[in-house]
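Structural overview
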Amino acid sequence: MATVNQNMFEASVTTDRPQGAPLLVLPLNLIALIISSLDDPGDLARLCRTCRVLNYMTLPQLYRNITLTSYDKIRYRDDQPEGMGSASPFSMGLNAVITRPYGNLVRSLTLRGNWRESELEEHARVGRVPDSSMMLNIAVRAAVDKMLDLESFSWELNTKMMETVYLGLAQLPKLTSLTLRFPSSRHPRPTIVIPAIPHLRYLKITDIDPLCYPDDISTLLFRCRKLRELKMHWSPRMRIEQEPSVMLHDYFRKCIAAKRPLSIRKIGLQNLYALHTEEFNLAFAQHPMEEVTILNDIGSDVSMNTFVDSTWPTIPQNEIHIKCIRQDALSRRHADFIGHFTGLEKMYFVNASSNPNHDINSPRQLVSATALTPPQSDTNGSMTYNSAANTPVNSPSLQATIRDCYLNNIISNHASTLRHLLLPARWPLSANTVARLVHASPQLEQLGFATEFSTMDTLGLLLPFLRQLTALRILVPTGSTSDQPRGSQPSSKLLTGQSSKLSSRSANALASARTLQDLVETDDEILIEKLSGTLADQQIFHRLKVLGLGRKAFLLGGHYTIPSDPPNNHHAEPQTPIASRAPSAEGSKSRERSPQQQQHLNYAIALEKDLPNGNQHHHATYSPSMIPALNHRNQPPPNTVLGKRTRDEEDTPPARTVETVQTPIEDDDDHCLPKVFRDQRGREWRRKVRRVGWEVLQHWEIWGLDKQEL
């Protein structure tokens, strides 16, 4: 540290730069903060090779989380094989941890991919473990022994972990997270009683198959008294082949015999195909259970699960304190189950399929087939299954009944406490249903559902009731189970522009959008331009941070203003409370409404029916487009679109107005145009909008938990 420049210890950045790199001018604490934000191993490795100071500060970050991927084939980069001159990156990574004094820096170790086992059939015939697999376990054990401060270990290789590694993990005093993957091949391996890891708090086991490798985990579960999160994933082979070979008693028998149930707070079960027994209730303490995840093969035939799933009770036998439920399969039994308790705070219906490339609502990037792409986690093991019965047998009427049962139980039992809600994309909700759900759920912070809105103004009718909403995800409908009223047609203009500067290309692209799917396929630049003006109302959209439309999502930033074109004699209608509006005589003239206008009116009427008497605190945030519909009982039907005035009405001033900073300006040339908001200087309000990908959306639960993974 003698060569460190003295300016690094200054409290502020100095203007006198040293001869070295400009980065060294910054204080040490600022450099450490920048390095802590880096997560790419390549960037961290390059920083370590820059100078002694950066090597000293970056080395702990580089070795903190190690992920080594094994490939069964040699990969090439620019016609050069990886590891040329030494060995594979997987082997060299283990060698660096074993032979260099960096093992005490490692906090997380993940081993994944495909490990090549030579002459496997010959070793299986004589009952021997291949030498390559045994040497792998020995090398991993040597690396684990160097990592005295290891906190998380994940084995996701396609070969079995041997007792050698288990015994090494059991000796680590700080290991709190363990992930195991069992192989799906049936080549002989020694059966292991997995030893206890006393300080374990998180345990995930995937690809469990008793007919492949029936390792005993009962001792591990019984001795882990600090375990709080348990995830168990079974191979889908048993469900597809209708083989109920799983006996839950074998996993929890020691806990049941000792009458010491597990104090699990979060439990996740995927592809479980087993009979229910009374002893299963004795394995878990009911009070601390807060989160439950149940994932199954949603494409399989429901009839094949009749004799197994019917053994599980619908009515809870004990008091339930569940706060979060995540699931993918829909059934009447589960709909009745959530109707027997209250207090849910988070509920997610998984929409994503096992193949994200075929999901029109998935924001994840398409899987590339290049040679340098890491292999995806193979949750089905090395075996593939093709079942001819992978089609639902439920009729549309039965699906509609199940949907209504779910929605009624959610609204009546859990809506008042819900903070996160993700509904299935196969349920396109009508305006009346959305109105009921929104009005009954004032605490919602993240919401995702499928519907067909007429314009973005309809969104302005929904958000004033959701004071805490920060993320909204509108899904593209994927099924035929819809509660849309018969005869209603989707609008041909879901999102139209309002600025006179719009190009003909933008107008034509949006004018041709008749469904939400068409809107999603519109160019990003056009969507961002329209959303920037549509979401400029600070009274309604000020809390909204993320807006999703199908597979696209946009991050909403701060507000700004732009110069406005001449108003062309358009009347400026300020935002005013409902009580300050006076009915116009011209509004009594009735005329035939378009389907878009009627749908907009029905939506506002549905909101009014659910509005409690005397609840006036919502009125201050209403959009002007809501006022005629909310007053429809006291005055004749309007003769224009909600919130629009006729040309004759422009000469009649309102009875009393309250000036606000934002003033909406309407255009009489198009019935679907949203409002243009201007400040007191006549400048138009806009909002910063940019499209974001999975790196941002994965931190929002209605996107991050929408996957077929525990």
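All residue numbers here refer to positions counted from 1 along the written sequence of the relevant chain. Given that this is a predicted model, residues contribute local features only at a pLDDT of at least 70 and side-chain atom pairs are listed and counted only at 80 or more, while totals for whole chains, interfaces and linings are drawn from all residues. Side-chain measures were taken over the full set of non-hydrogen atoms in the model, leaving aside hydrogen atoms and water.

Under the annotation held in an unreviewed UniProt entry, the protein carries the name F-box domain-containing protein and is attributed to Aspergillus homomorphus.

1. Quick word on the packing of aromatic side chains
For Phe, Tyr and Trp, where Trp contributes only its six-membered ring, two rings pair if their centres lie within 6.5 Å, and the inter-plane angle classes them as stacked under 30 degrees, edge-to-face over 60, or tilted in between. Inspection of the entire model under this criterion finds 9 aromatic pairs. Here Phe90 and Trp115 contribute two aromatic rings whose centre-to-centre distance is 5.8 Å and whose plane-to-plane angle is 50 degrees, an arrangement assigned as tilted. Here Phe90, found in helix α4 (residues 89-99), pairs with Trp115, found in the loop between β4 (108-113) and α5 (120-126); they are 25 residues apart in sequence, far enough to count as distant. The classification of residues rests on relative accessible area computed with a 1.4 Å probe and restricted to protein chains. Under 20% of the type maximum is buried, over 50% is exposed, and intermediate values are partly exposed. For Trp115, a relative accessible area of 18% corresponds to the buried category. Aromatic side chains Phe349 and Trp427 sit 5.7 Å apart centroid to centroid with 55 degrees between the ring planes, which places their arrangement in the tilted category. A residue pair is termed long-range when its members are at least 10 positions apart, and Phe349 in strand β12 (residues 346-349) and Trp427 in the loop between β13 (420-422) and β14 (428-429) qualify at 78 residues. On the basis of relative accessible area, Trp427 is assigned to the buried category, the value being 3%. Members of the aromatic cluster, joined through ring pairs, are Trp234, Tyr251, Phe252 and Phe284. Counted as over-ring charges are cases with an Arg CZ or a Lys NZ within 6 Å of the ring centre that also lie within 35 degrees of the ring normal. Geometry around Tyr71 places Arg75 over its ring, the cationic atom sitting 3.9 Å from the centre. Numbering goes from the N terminus for both helices and strands, where a helix is a DSSP run of H or I of at least four residues and a strand is a run of E of at least two.

2. Re the pairing of strand β5 (residues 152-157)
Looking along a regular strand, one sees the side chains alternate between the two faces of the sheet. DSSP bridges decide pairing: two strands pair if at least two such bridges lie between them. When β4 meets β5, the two strands line up parallel, connected through 6 bridges. Note that in β5 the partner of Gly113 across the bridge is Leu157. For the handedness criterion, the strands are oriented away from the viewer, and a crossover whose path from the first strand over the helix to the second runs clockwise is classed as right-handed. The parallel pair β5 and strand β6 (residues 177-181), bridged by helix α7 (residues 163-170), forms a crossover whose chirality is right-handed.

3. Details of the packing of helix α6 (residues 131-146) against α7
Running from amino to carboxyl end, α6 crosses α7 at an angle of 10 degrees, the nearest separation of the two axes being 8 Å. Between α6 and α7, the crossing angle belongs to the class labelled roughly parallel. Contacts between α6 and α7 involve Met134, Asn137, Val140, Arg141, Val144 and Asp145 from the first element and Thr164, Val165, Leu167, Gly168 and Leu169 from the second. All residues other than Ala, Val, Leu, Ile, Met, Phe, Trp, Tyr, Cys, Pro, Asp, Glu, Lys and Arg, Gly among them, are scored as polar; the first ten of these are nonpolar and the last four charged. When grouped by side-chain class, the residues that make up the contact of α6 with α7 number 6 nonpolar, 3 polar and 2 charged. All axes are obtained by fitting lines to C-alpha atoms, using only the stretch in contact for helices, and the reported angles, taken between N-to-C directions, cover 0 to 180 degrees. For classification, angles of less than 35 degrees are called roughly parallel, those exceeding 145 degrees roughly antiparallel, those between 65 and 115 degrees roughly perpendicular, and all remaining angles oblique. Any two residues having at least one pair of non-hydrogen atoms within 4.5 Å are treated as being in contact.

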